[in-house]
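If you want the building blocks of each chain, they are given just below.
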Amino acid sequence: AQSVTQLDSQVPVFEEAPVELRCNYSSSVSVYLFWYVQYPNQGLQLLLKYLSGSTLVKGINGFEAEFNKSQTSFHLRKPSVHISDTAEYFCAVSLSGGSYIPTFGRGTSLIVHP
Amino acid sequence: NAGVTQTPKFQVLKTGQSMTLQCAQDMNHNSMYWYRQDPGMGLRLIYYSASEGTTDKGEVPNGYNVSRLNKREFSLRLESAAPSQTSVYFCASMSGATSGANVLTFGAGSRLTVL
């Protein structure tokens, strides 16, 4: 079975600073990786996904993530955050074969201060 | 372009009362899911329906029942609510049930408080 660990429950950062949200996964087979974002009082929406190919994936709102197979990581980055990026971010993993249902991490709350 | 619609958005129940959360999607998706979200716990899968006519337990099914009424609708029922079921509930759908590459589309959530 697969599992996901988001290493930080909360990340405070000042506006226009860079940010990295960390995600590590565990799986014995190939995986697909996702980042979802949840803005206050809303449902989750897809930020970006890695299925195959280039290990650097670009998503919406200037976010990007890099798949590192040797370190089993899929960290999310943004070079300059805005107040509007304040949200909960969830990393998720599903298997490329077998169970198609994604497993979610516990989430990281990104808090952007002015 | 409604996507996934959940009702109600808010509900307060007393211990022992029953209620049903409704979910409908208009994207012709085959699979549907119910998650609960609790602080520090992330999203936990309650039940899912891989296709019309099938339902299966997820990680935390105790105290819940589901019905896949048709391809569009998937309801979650609490027969006898308990304070431990105070949570935010999300319905989601996905186009297929055979590939992990598919993306979940979520509803806006239903906030349930059990007193």
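Criteria and cut-off values
Residue numbers restart at each chain and count upward from 1, following the sequence in its written direction. Here chains are named by letter from A upward and ligands by number from 1 upward, in the order in which they appear as written. The model is predicted, so local features are restricted to residues of pLDDT at least 70 and side-chain atom pairs to those at 80 or more, both for listing and for counting; the totals for chains, interfaces and linings are taken over all residues. Excluding hydrogens and water, the side-chain values take into account all heavy atoms of the structure. To qualify as a nonpolar core, a set must consist of buried Ala, Val, Leu, Ile, Met, Phe, Trp, Tyr and Cys residues joined through side-chain atoms within 4.5 Å. In this scheme, a residue with accessible area under 20% of its type's maximum is buried, one over 50% is exposed, and one in between is partly exposed, where area comes from a 1.4 Å probe on protein chains only. For two strands to be treated as a pair, DSSP must find no fewer than two bridges joining them. A run of DSSP states H or I qualifies as a helix once it reaches four residues; a run of E qualifies as a strand once it reaches two. Both are numbered from the N-terminal end. Here an angle of 0 to 180 degrees is reported between the N-to-C directions of two axes, which are lines fitted to C-alpha atoms, with helices fitted over the stretch in contact. In what follows, residue pairs with any heavy atoms lying within 4.5 Å of each other are defined as contacts. A quick way to say it: buried area is the sum, across both parts, of accessible area lost when two parts are put together, with a 1.4 Å probe. Here the term charged refers only to Asp, Glu, Lys and Arg, the term nonpolar to Ala, Val, Leu, Ile, Met, Phe, Trp, Tyr, Cys and Pro, and the term polar to all other amino acids, Gly among them. For this document, the term salt bridge refers to a Lys or Arg side-chain nitrogen within 4 Å of an Asp or Glu carboxyl oxygen.

A.B. asks: Sorry, what's going on with the nonpolar core here?
C.D. replies: Side chains of a nonpolar character, in soluble globular proteins, are inclined to be buried together. One finds A:Trp35, A:Leu76 and A:Tyr89 to be the most contacted residues of the largest nonpolar core, which totals 29 residues. Of all hydrophobic cores here, the second largest spans 22 residues; its members include A:Phe34, A:Phe90, B:Leu45 and B:Ala50.

A.B. asks: Honestly, the sheet that holds strand β7 (residues 64–68) of chain B in this entry has me stumped. Any pointers?
C.D. replies: In any sheet, the strands associate via hydrogen bonds between backbone groups, in a parallel or an antiparallel arrangement. Residue and element names in this part refer to chain B. The antiparallel open sheet is built from 4 strands, whose spatial order is β1-β3-β8-β7. Of all the strands in the sheet, the pair left with one neighbour each is β1 (4–7) and β7. Across the sheet, the mean angle from the axis of one strand to that of its neighbour is 15°, orientation sign disregarded. One ladder, built from 3 bridges, connects strand β3 (residues 19–25) with strand β8 (residues 74–78); its direction is antiparallel. Across the sheet, Thr20 pairs through a bridge with Arg77, a residue of β8.

A.B. asks: Whenever I open this one, the pairing of strand β4 (residues 23–26) of chain A confuses me. Can you help?
C.D. replies: Two faces belong to every sheet, and in a regular strand the side chains alternate between them. All names here are of chain A. Only one face of β4 is buried: it carries Cys23 and Tyr25, and the other face, with Asn24 and Ser26, is open. Summarising the sheet, strand β1 (residues 3–6) and β4 pair through 4 bridges and their orientation is antiparallel. Pairing of Val4 across the sheet is with Tyr25, part of β4.

A.B. asks: Mind showing me how you'd approach the interface of chain A and chain B here?
C.D. replies: Put simply, an interface is often sized by how much accessible area is lost when its parts join up. Listed per partner, the contact involves 20 residues of chain A and 24 residues of chain B. Both sides of the chain A and chain B interface together cover about 1,700 Å² of buried area, and 63% of this is carbon and sulfur. It is strand β5 (residues 31–38) of chain A that contributes the most residues to the side of chain A that touches chain B, 4 residues altogether. Its residues assigned to classes, the side of chain A that touches chain B shows 12 nonpolar, 6 polar and 2 charged.

A.B. asks: Honestly, the pattern of salt bridges in this entry has me stumped. Any pointers?
C.D. replies: A pair can form between side chains of opposite charge whenever their charged atoms are brought close. Taken as a whole and assessed by the stated rule, the structure comprises 8 salt bridges over all chains. Taken together, the salt bridges that share partners define one network made up of A:Glu20, A:Glu66 and A:Arg77.

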